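Each chain, letter by letter, is given below.
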Amino acid sequence: MDTGSHDLELPMIGLFGGTFDPVHFGHLRVALDVVQHLQLEQLRLLPLAAAVHRRQPQASPEQRMAMLQAAICDEPCLVADDRELKRGGPSYTVDTLHQFRDELGPQAPLCLLVGADAFEGLPDWHRPLDILGLVHLVVMQRPGAPTARDPWLREQVEQRRTDDRAALRLQAGGLIYFQTVTQLDISATRIRRLLAQGKSPRYLLPDAVLAMARANRCYAV
């Protein structure tokens, strides 16, 4: 979608959703990779309220939000956004994107960050074509990772793919951009398991997050 005049360049904002149960360095490093590579003015991290395609979060919404805020407090380009937690109910991405569009207007370039696995599941998301019209998709992947096995998704990639990061700023949404990011073999599941077993997951997540998880017994059995 063309935004008309580009004389006044609008800031480009990224959106990155997840359970963040708890947030860890795997989330934070790829977030910073994308911010720096695409020169995003801001990246909003959005903890979801109720998962649609995965198990429900174990820590409470308040605990997950507090841990996320602690993790990014010294990185001004990263912002914890609690709109999905406040809205409650199933966290459908398209609803969140419409809310951002209402706030930022139809011309602001928006980038939705998704992992390669989540991208492969896009055809099963709620109103995926609407999502593609509202934002650019930035697919975070390992070097040489295969993409778009689904025929519909492969067609969307053929129509929308760009390898020019500058092109993302020239329209509000509608493009698909693949970015190689740092791959850290860290999972929130393993962190929760270690804490439940009384073992230390230190160096997998920020110390401030670990301290909060322990103090609040977020993952104790």
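Everything discussed here concerns the structure shown above.
Residues numbered from 1 in each chain as written. Predicted model: local features only at pLDDT ≥ 70, side-chain atom pairs only at ≥ 80, totals over all residues. Heavy atoms only, no water.

Student: I'd like a description of the overall build of the protein chain, backed by residues and values.
Tutor: Along its length, the protein chain carries nine helices and six strands. At 17 Å, the protein chain has a C-alpha radius of gyration in line with the 17 Å of a compact globule built from 221 residues. Once the C-alpha set of the protein chain is aligned to its principal axes, its extents read approximately 55 × 35 × 30 Å. The buried share of the protein chain, taken over its 221 residues, is 50%. Here the analysis covers contacts within the protein chain between residues at least 6 apart in sequence; of these, 74% occur between residues at least 24 apart. (Helix = DSSP H or I, 4+ residues; strand = E, 2+ residues; numbered from the N terminus. Rg over C-alpha atoms; globule rule 2.2 N^0.38 Å. Buried < 20%, exposed > 50% of the residue type's maximum accessible area, 1.4 Å probe, protein only. Contact = heavy atoms within 4.5 Å.)

Student: Please provide a residue-by-residue account of unusual backbone geometry, values included.
Tutor: Keep in mind that most residues, glycine aside, have a negative phi and that most peptide bonds are trans. The omega torsion of the bond from aspartate 21 to proline 22 falls at 0°, within 30 degrees of zero and hence cis. Of note, proline 22 is situated in the loop between strand 1 (13–18) and helix 1 (25–38). Look at tyrosine 203: it is not a glycine, yet its phi comes out positive at around 75°. Here tyrosine 203 lies in the loop between helix 8 (188–196) and helix 9 (207–215).

Student: Describe in detail the packing of aromatic side chains, supporting the description with residues and values.
Tutor: Within this structure, the stated rule accounts for two aromatic pairs. Between phenylalanine 16 and phenylalanine 20, the aromatic rings sit 5.8 Å apart at their centres with planes inclined by 85°, giving edge-to-face as the arrangement. Using a relative accessible area of 8% as the deciding quantity, one classes phenylalanine 16 as buried. Judged by centre distance (5.7 Å) and plane angle (90°), the rings of phenylalanine 119 and phenylalanine 178 are edge-to-face. Highlighted residues: phenylalanine 119 in helix 5 (residues 116–120) and phenylalanine 178 in strand 6 (residues 176–180), separated in sequence by 59 residues. Positioned over the ring face of phenylalanine 100 is arginine 83, at 3.9 Å from the centre of the ring. (Phe/Tyr/Trp six-rings, centres within 6.5 Å; stacked < 30°, edge-to-face > 60°. Lys NZ or Arg CZ within 6 Å of the ring centre and 35° of its normal.)

Student: Which residues make up the sheet that holds strand 5 (residues 136–141), and what values do they have?
Tutor: Pairing in this open sheet of six strands is parallel, and the strands run 3-2-1-4-5-6 from one edge to the other. Strand pairing shows two members of the sheet lacking a second neighbour, strand 3 (78–80) and strand 6, which therefore form its edges. Going from strand to strand, the sheet's axes swing by 30° on average, the running direction of each strand aside. Of the pairings in the sheet, the one linking strand 2 (residues 42–47) to strand 3 comprises three bridges and is parallel in character. (Pairing = 2+ DSSP bridges. Axes fitted to C-alpha atoms, helices over the stretch in contact; angles between N-to-C directions.)

Student: Which residues make up the pairing of strand 1, and what are the values?
Tutor: Most of strand 1 is tucked away: five of the six residues are buried. As paired elements, strand 1 and strand 2 share six bridges and run parallel to each other. The partner of glycine 17 across the bridge, within strand 2, is leucine 46. In the sheet, strand 1 pairs with strand 4 (residues 110–115) via three bridges, with the strands oriented parallel. Residue pairing in the sheet places isoleucine 13 in a bridge with leucine 110 of strand 4.

Student: Lay out the pairing of strand 2 with the relevant residues and their values.
Tutor: Across the six residues that make up strand 2, a large majority, five, are buried. With helix 1 bridging strand 1 and its parallel neighbour strand 2, the resulting β-α-β unit is right-handed. (Right-handed = clockwise from strand over helix to strand, strands pointing away.)

Student: Pulling in residues and values, what's your account of the packing of helix 2 (residues 61–71) against helix 9?
Tutor: Angle between the axes and distance between the axes: these two values describe a pair of packed helices. Remark: helix 2 packs on helix 9, axes separated minimally by 8 Å, with the N-to-C direction vectors making an angle of 155°. In terms of their interaxial angle, helix 2 and helix 9 are classed as roughly antiparallel. The two elements helix 2 and helix 9 cross, and the hand of that crossing is right-handed. Residues Ala66, Met67, Ala70 and Ala71 of helix 2 pack against Ala208, Val209, Met212 and Ala213 of helix 9. When its residues are assigned to classes, the contact of helix 2 with helix 9 shows eight nonpolar, no polar and no charged. (Parallel < 35°, antiparallel > 145°, perpendicular 65-115°, else oblique. Left-handed = near helix turned anticlockwise from the far one by under 90°. Nonpolar A, V, L, I, M, F, W, Y, C, P; charged D, E, K, R; others polar.)

Student: Which residues make up helix 4 (residues 93–104), and what values go with them?
Tutor: An ideal rise of 1.5 Å per residue puts 16 Å on twelve residues; helix 4 measures up with 16 Å between its terminal C-alpha atoms. Among the structural elements, strand 1, strand 2, helix 3 (83–87), strand 4 and helix 6 (128–134) are those in contact with the buried residues of helix 4. Backbone geometry just after helix 4 places glycine 105 at a positive phi near 95°. (Expected span 1.5 Å × (residues − 1).)

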